[in-house]
Amino acid sequence: VSAVNKHPQGILAGVYVPGLFADPIVQQPANNAGYVSTQPEAITQFRMASRYNSIGLLAHNTAAGAQFQNLALNQVVYLVKATGEISAYRITEIQRYQALSPTSPYSNFVDLDRPGVTISAQTLFMNTYGRGGGSLIFQTCIASDGQSSWGRLFIIASPLEELPAPNNSIKSKRYSPHFGTNAIL
């Protein structure tokens, strides 16, 4: 509870995926759009996504982002604000790309589901974060060929109107969990 209460009202404080993880969300510094927390169990909220009415959650694939590969289509994800308010999302898309310049944020990308299709970083951004509608986007790198940032993984979820309770552990739209490896939800 104390980890949740440290955030200002309305700020996202945690993400919960039943059976997989319950991690705190940290905020990007105001002037550092490239910042991603190196804390092993922290997920970073991507500030720029909010300009497009999306929620971006970033994590390194060597830290909390390693869990993102376990997310699946139709899975329900819960976000918790510092106020205890909960919102639910259903995963609707999983996108994987190879970065042609792995360490550059401006790399062109090859769509791994359509190998003949190469897109720019700007097009990739607009196809994910730019879709709006309150979408939730998880992003991490894909490791391959000895390169930890060989590609990018995007898990896209749409907001749900109703709040489905996972195994009756969340009974209302207000909840104040303790996030981390010892969380019991």
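Everything numeric in this text was worked out from a predicted model, so none of it was measured.

Draft legend 1. Here's a closer look at the pattern of salt bridges. Taken as a whole, this structure holds two salt bridges when the rule is applied. Residue E93 pairs with R131 through a salt bridge whose shortest N-O separation is 2.7 Å. Placement of E93 in strand β6 (residues 86–99) and of R131 in the loop between α2 (121–128) and β9 (136–144) is noted, with a sequence separation of 38 residues between them. By relative accessible area, which is 33% here, R131 ends up partly exposed.

Draft legend 2. The pairing of strand β5 (residues 76–81), seen in detail. In terms of residue burial, β5 counts as a mostly covered element, since five of its six residues are buried. Where strand β1 (residues 12–17) and β5 come together, four bridges link them in antiparallel fashion. Bridge pairing links V15 to L79 in β5. Note that β5 and β6 share five bridges and pair antiparallel. The partner of Y78 across the bridge, within β6, is A88. Hairpin connection from β5 to β6: four residues lie between these consecutive antiparallel strands, with G84 at a positive phi of about 95 degrees.

Draft legend 3. Seen up close, the nonpolar core. Of all hydrophobic cores here, the largest spans 23 residues; its most connected members are V15, L57, L79, L136 and F138. For this core, the secondary structure elements donating two or more residues are β1, β2 (21–27), β4 (55–58), β5, β6, β9 and β10 (147–159). It is β10 that provides the largest number of residues to this core, a total of four residues.

Draft legend 4. Spotlight on the packing of aromatic side chains. Taken as a whole, this structure holds ten aromatic pairs when the rule is applied. Here the aromatic rings of F21 and F68 are separated by 6.3 Å at their centres, their planes lie at 35 degrees, and the arrangement is tilted. Highlighted residues: F21 in strand β2 and F68 in the loop between β4 and β5, separated in sequence by 47 residues. Aromatic pair Y97 and F154: ring centres 6.0 Å apart, planes at 75 degrees, arrangement edge-to-face. Taken together, the positions of Y97 in strand β6 and F154 in strand β10 put the pair 57 residues apart, joining distant regions of the chain.

Draft legend 5. Local environment of α2. When we look at burial in α2, the residues that qualify are A121, L124, F125 and T128. Taken end-on, α2 shows its buried residues confined to a sector of 100 degrees, consistent with a single buried face. Contacts from the buried residues of α2 go to β3 (43–46), β6, β7 (109–111), β8 (118–119), β9 and β10.

Draft legend 6. Structural view of unusual backbone geometry. Of note, the phi angle at N53 is positive, near 55 degrees, even though the residue is not glycine. Structurally, the position occupied by N53 is in the loop between β3 and β4. Even without a glycine there, the phi angle at N74 is positive, about 70 degrees.

Draft legend 7. Structural view of the side chain of T44. Examined against the element boundaries, T44 turns out to sit in strand β3. Exposure remark for T44: the relative accessible area of 0% places this residue in the buried category. A distance of 2.8 Å separates the side chain of T44 from the backbone nitrogen of S37, its partner in a polar contact. In this structure T44 touches V26, Q28, Y35, V36, S37, G56, L57 and L58, once residues within four positions along its chain are discounted.

Draft legend 8. Here's a closer look at the side chain of T128. Within the secondary structure, T128 is located in helix α2. In terms of polar contacts, T128 uses its side chain to reach the backbone carbonyl oxygen of L124, at 2.8 Å. Sequence-distant contacts of T128, that is, excluding residues within four places in its chain, are made with S54, Q95, I137, F154 and I156.

What counts as what
Residues numbered from 1 in each chain as written. Predicted model: local features only at pLDDT ≥ 70, side-chain atom pairs only at ≥ 80, totals over all residues. Heavy atoms only, no water. Salt bridge = Lys/Arg side-chain N within 4 Å of Asp/Glu carboxyl O. Helix = DSSP H or I, 4+ residues; strand = E, 2+ residues; numbered from the N terminus. Buried < 20%, exposed > 50% of the residue type's maximum accessible area, 1.4 Å probe, protein only. Pairing = 2+ DSSP bridges. Core = buried A, V, L, I, M, F, W, Y, C linked by side-chain atoms within 4.5 Å. Phe/Tyr/Trp six-rings, centres within 6.5 Å; stacked < 30°, edge-to-face > 60°. Arc of directions from axis to C-beta. Contact = heavy atoms within 4.5 Å. Polar contact = N/O pair within 3.5 Å; in protein donor to acceptor, adjacent residues only side chain to side chain.

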